Amino acid sequence: MKNKLFTILIGLAMVAAILPAYKVKAEETGHKHCICGAQHTEKGDHISDTQTEYSTRLYMKDGKLMMGDGEWETRETALTPYVSYDAYSLESGNYYLDTDLEFSYELIEMPVLFIDGDVNLCLNGHSIILASSQSSVIEVIKGKSLTLTDCKGGGNISHKGIYSAGHGITTAGTFNMYGGNITNNFTFGVTNNIADKANNGGGVFIEPNCTMNMYGGTITNNKAVSGKDSSTGEAIEGHGGGVYVSKDSEFNMYGGEISGNKSNLTGGGVYNLGTMTVSGDAKISGNGKNSRNYSNAYMGEGGTLTIGGKLTGKIGVSKYDSKVGDVVVTGADADKDYSAIFFSDNFNFDVKHDGNNIVLIPHTHVLGEWEHNGILHWHECEVCSKVLDDAEHTWDEGVITKEPTTDAEGEKTFTCDVCKATKTEAIDKLPVVNDEIQDGSNNSQYTDTSDKNQNNGTTGEQNNDTSAITSPETGDKMNLVLWIALLVVSASTVIGTAVVNRKTI
């Protein structure tokens, strides 16, 4: 009996040990978190931890798009009351990605994935990628909403391939962005309307009378490039590389970052024709049309920018038809200087905190050190990068920094009197004329006698024959007198000898 009781107790202990494990496994298979991501933070009007069960799985299997336990089928979707076609779409519900989703879509100028309801979508660290198309990756249908988050981070909404163009997200309803990265999208199209979405809003295009709320995530490395007017063929410049806000629309930025986007005209980061509000740690910087002409948050005609609460980010601003004294930002606290948060993208202006506003004032250049090349010198403003004071060098008379020799050139160094830049010029080698060498130090001359004592040209042997008499050098008067004396003595000796011989005979 005791053995049976012992066996039963052991069995119950094993069951008790296994049950918690099953419970943990069941919790791990669920996908539940706040709509802002795995960890809740209060930003803007999002102040409560709203737990959401992301119940429907989206993934790819054997090259097919899957939803839940079956294949994700296209269905007829109404883009407008007058236009509908078969497309991938999501109706109201909570979805999460279990793998990357790659759409290869041949339908030109039509979105790939429609949001046809009130949709919560968690990227879960994965990406939605569009290849081989000229359309938006995602479009929110009029009156519908998309709430995008990424509980793990690293997920993207992007295009793939050099011939794949279009917006990252187009919204005709409400778009709430808590996480994810909208990146590598660009617009290029033919249009007859400068406000048309064909060539504006590379990352996000907000259609008229619509709303985007950005709480987090990033919008980066998107482009809005030029298109053509279909009626005239003339080029139309692109606006809003990161975000394009249409007239009568709202863009509320409570956090997140918009950077590294470009347009070939204005609004590299944001082009705003509607109402834009910023607060929290919103950052809009490092956008532009090139590395020396930044254009971050541009207020087009009628567009406004307002501080909606505590602000700690960094935002570049400019506006349509700017002039000194213009208000570029409203809603500032009168007793808090926001001029360190905002900076002017227009190089003709700086910004100043004035009561409840940020206003434009004339730009004061901050000059760095002289810069120069071989011909010119100039200053460059450390704030706006504008080139100032450019002029040709004024060279001094120069100094010899290396004496020339018969074997090597010398060197003369010149210094600019203004910027202190230097240049060098070569000095020719010293010449050798016959056996006379010009000494560069004292200009004296000397005669090369290195072979005067050599015997018949034989190196190293001296001539010891003292009977040999060399000819005098031309022009040497002392040697000429000596020769004459010797001739006289010789002649006298010869005559004397002859006389003595005659007498002897």
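The structure presented is a predicted model; accordingly, all values stated were derived computationally and were not measured. (Residues numbered from 1 in each chain as written. Predicted model: local features only at pLDDT ≥ 70, side-chain atom pairs only at ≥ 80, totals over all residues. Heavy atoms only, no water.)

Undergrad: Just checking my understanding: could you explain the overall build of the protein chain for this structure?
TA: Of regular secondary structure, the protein chain possesses two helices and 52 strands. Relative to its full complement of 505 residues, the protein chain shows a buried share of 38%. Taking the intrachain contacts of the protein chain between residues at least 6 apart in sequence as the baseline, contacts between residues at least 24 apart amount to 63%. For the protein chain, the accessible surface area stands at approximately 28,500 Å², while carbon and sulfur atoms represent 51% of it. (Helix = DSSP H or I, 4+ residues; strand = E, 2+ residues; numbered from the N terminus. Buried < 20%, exposed > 50% of the residue type's maximum accessible area, 1.4 Å probe, protein only. Contact = heavy atoms within 4.5 Å. Areas by Shrake-Rupley, 256 points an atom, 1.4 Å probe, with all protein chains shown as cover.)

Undergrad: Got a minute to help me understand the pattern of salt bridges in this structure?
TA: Side chains carrying opposite charge are able to pair once their charged atoms draw close together. One pass over the full model with this rule turns up eight salt bridges. The partner of Asp-281 in a salt bridge is Lys-43, and the shortest N-O contact between them spans 3.8 Å. Taken together, the residues Asp-281 in the loop between strand 32 (275-280) and strand 33 (283-284) and Lys-43 in the loop between strand 1 (32-34) and strand 2 (51-53) connect sequence positions 238 residues apart. According to the relative accessible area criterion, Asp-281 is partly exposed, its value standing at 27%. Among the residues examined, Lys-43 registers a relative accessible area of 24% and is labelled partly exposed. Residue Lys-423 is joined to Glu-425 by a salt bridge in which the shortest nitrogen-to-oxygen separation is 3.9 Å. What makes Glu-425 partly exposed here is its relative accessible area of 41%. In this structure, a network of salt bridges that share partners links the residues Arg-75, Glu-91 and Asp-116. (Salt bridge = Lys/Arg side-chain N within 4 Å of Asp/Glu carboxyl O.)

Undergrad: I keep staring at the nonpolar core and nothing clicks. Help me out?
TA: Most often, soluble globular proteins keep nonpolar side chains buried together rather than apart. By size, the foremost hydrophobic cluster in this structure holds 61 residues, and its most contacted members are Ile-128, Phe-251 and Phe-342. The element contributing the most residues to this core is strand 37 (residues 304-311), with three residues. Setting aside residues no more than four positions away along its own chain, Ile-128 makes contact with Leu-97, Leu-101, Phe-103, Leu-113, Leu-121, Leu-123, Val-137, Ile-138, Asn-156, Ile-157 and Ser-158. Core analysis: the next-biggest nonpolar cluster, separate from the first, contains nine residues, Ile-35, Cys-36, Tyr-54 and Tyr-96 among them. (Core = buried A, V, L, I, M, F, W, Y, C linked by side-chain atoms within 4.5 Å.)

Undergrad: I keep staring at the pairing of strand 12 (residues 128-131) and nothing clicks. Help me out?
TA: It is a general feature of regular strands that their side chains alternate between the two faces of the sheet. Residues of strand 12 alternate between two faces, with Ile-128 and Leu-130 on one and Ile-129 and Ala-131 on the opposite face, all of them buried. Of the pairings in the sheet, the one linking strand 12 to strand 15 (residues 156-160) comprises four bridges and is parallel in character. Each residue of the ladder has a partner; that of Ala-131, found in strand 15, is Lys-160. (Pairing = 2+ DSSP bridges.)

Undergrad: Would you mind going over the packing of aromatic side chains with me for this structure?
TA: For any pair of aromatic rings, geometry is given as the distance between the ring centres together with the angle between the planes. Evaluated as defined, the whole model comprises eight aromatic pairs. Consider the rings of Trp-72 and Tyr-88, whose centres lie 5.5 Å apart with planes at 70°: the pair is edge-to-face. Of this pair, Trp-72 sits in the loop between strand 5 (70-71) and strand 6 (75-80) while Tyr-88 sits in strand 7 (residues 83-90), and the two are 16 residues apart along the sequence. Accessibility classification places Trp-72 together with Tyr-88 in one group, the buried group. Over the ring of Tyr-59 we find Arg-57; its NZ or CZ atom is 3.8 Å from the centre of that ring. (Phe/Tyr/Trp six-rings, centres within 6.5 Å; stacked < 30°, edge-to-face > 60°. Lys NZ or Arg CZ within 6 Å of the ring centre and 35° of its normal.)

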